[in-house]
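Summary of the model geometry
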Amino acid sequence: MPFNFHQLEIPDVVLIEAVKFTDERGFFMESYKLSEFLSHNIPGPFVQDNLSYSVRNTLRGLHYQKSPYSQGKLVMVYVGEIFDVAVDIRRGSPTYGKWVGIHLSGNSGLMVYIPEGFAHGFCVLSEYALVGYKVTKEYHPPSDRGIIWNDPDIAVEWPIENPILSPKDANLPTLSKADNNF
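One numbering rule holds for all chains: residues counted from 1, following each sequence as written. For this predicted model, a pLDDT threshold of at least 70 governs which residues receive local features, and a threshold of 80 or more governs which side-chain atom pairs are given and counted, while totals over whole chains, interfaces and linings are taken from all residues. Side-chain numbers here rest on the full set of heavy atoms in the structure, without hydrogens or water.

Quick look at the overall build of the chain
A run of H or I in DSSP counts as a helix once it spans at least four residues, and a run of E counts as a strand once it spans at least two, with each numbered from the N terminus. Helix and strand counts for the chain come out as 2 helices and 13 strands. Judged by the C-alpha coordinates and their principal axes, the chain covers about 50 × 35 × 30 Å. Only protein chains enter the accessibility calculation, which uses a 1.4 Å probe. A residue is then buried if its area is under 20% of the maximum for its type, exposed if over 50%, and partly exposed in between. For the chain, with 182 residues in total, the buried portion stands at 48%. Under the convention used here, a 1.4 Å probe and the Shrake-Rupley method define accessible areas, while residue burial counts only the protein chains that appear. When the accessible surface of the chain is totalled, it reaches about 9,200 Å², and 51% of it is carbon and sulfur. His residues and chain termini do not enter the charge count, which takes Lys and Arg as positive and Asp and Glu as negative. Lys charges are placed at NZ, Arg charges at CZ, Asp charges at CG and Glu charges at CD. Side chains of the chain give 15 positive and 21 negative charges; the mean places of these two sets differ by 6 Å.

Here you go:
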């Protein structure tokens, strides 16, 4: 089996460990296999791949798309290191407003699946990071939403201070004021 699947503190968020085959040349690993993911209740298909290059202290997020365009995301780092965060924004969920964070790096073979109904963000811990993520729905600009990274009610413990933010991300609302239909 090329993957190990581990539920995190919020059970719907899944840490996936790809098995690496290493020798003197480097390593090989599978980064996605539909049958394996389906057998662990991670729905497919993924319909769009995104690639992000960011410098140290960049913080992207917390982003989501409103239903019916909400996205499940499979996040993996190709180069560098990030702290990746998922926030449950499903009203009525026992973990509503709670977050889970995981360190991902290009060397770890780790990836994380974040289901629909979660806001997602990450900050870059290395000099730069190349982050890829597969999504279950295509980007739909009218449904694009977000929550401010430092919402005191969510209280994400980001491992950086004074992040580099886009103007859009710097002006996002708190969860209590977000346009959220989950």
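Comments concerning the sheet that holds strand β8 (residues 81-88)
We call two strands paired when DSSP finds no fewer than two bridges between them. What the 5 strands build is an open sheet, ordered β9-β8-β11-β6-β13; its pairing is antiparallel. The sheet is open, and its two borders are formed by β9 (99-105) and β13 (144-146), each paired with just one other strand. Direction aside, neighbouring strands of the sheet carry axes that sit 30° apart on average. Across 3 bridges, strand β6 (residues 59-65) lies against β13 in antiparallel orientation. The residue of β13 that forms the bridge with Gln65 is Asp144. Angular values range over 0 to 180 degrees, each being the angle between N-to-C directions of two axes fitted as lines to C-alpha atoms, with helices fitted over their stretch in contact.

Things to note about the pattern of salt bridges
Definition used for salt bridges: Asp or Glu carboxyl oxygen within 4 Å of a side-chain nitrogen of Lys or Arg. All told, the structure shown has 9 salt bridges when counted by the stated rule. With a shortest N-O distance of 3.2 Å, Asp49 and Lys134 are connected by a salt bridge. With Asp49 in strand β5 (residues 48-55) and Lys134 in strand β12 (residues 128-135), this pair connects stretches of sequence that are 85 residues apart. Here Lys66 makes a salt bridge to Asp179, at a shortest N to O gap of 3.2 Å. With Lys66 in the loop between β6 and β7 (73-79) and Asp179 in the segment after α2 (167-170), the pair connects residues that are 113 residues apart, well separated along the chain. Assessed through its relative accessible area of 18%, Lys66 is described here as buried. Residue Asp179 is classed as partly exposed on the basis of its relative accessible area, which comes to 36%. Residues joined in a network through salt bridges with shared partners are Asp12, Asp88 and Arg90.

Some details on the side chain of Ser126
Structurally, the position occupied by Ser126 is in the loop between β11 (118-124) and β12. Polar contacts, as counted here, are pairs of nitrogen or oxygen atoms within 3.5 Å of one another; within protein the pair requires one atom able to donate a hydrogen and one able to accept it, and residues that are adjacent in sequence qualify only if both atoms are side-chain atoms. Within polar-contact distance, the side chain of Ser126 engages the backbone nitrogen of Glu81 at 2.8 Å. By the convention used here, residues are in contact when the closest approach between their heavy atoms is within 4.5 Å. Ignoring sequence-local partners within four residues, the contact set of Ser126 consists of Arg56, Gly80 and Glu81.

Quick look at the pairing of β11
Burial analysis of β11 places 7 of its 7 residues in the buried class, the great majority of the element. Judged by which residues are buried, β11 turns out to be covered on both faces: Phe118, His120, Phe122 and Val124 on one side and Ala119, Gly121 and Cys123 on the other are all buried. Pairing geometry for β6 and β11, over 3 bridges, is antiparallel. By the bridge assignment for β11, Arg60 is matched with Phe122.

Some details on a nonpolar patch on the surface
What goes into a patch is any residue over 30% in relative accessible area without a salt bridge, connected to like charges within 9 Å or, for nonpolar side chains (Val, Leu, Ile, Met, Phe, Trp, Tyr), within 5 Å. On the surface, Leu51, Tyr53, Val55, Tyr78, Val79, Tyr128 and Ile164 cluster together into a nonpolar patch covering about 670 Å² of accessible area. Listed by contribution, the elements that provide at least two residues to the nonpolar patch are β5 and β7. In terms of residue count, β5 provides more of the nonpolar patch than any other element does, 3 residues in total. Here Val79 lies in strand β7.

Keep in mind that these numbers describe shape and distance, not what the molecule does.
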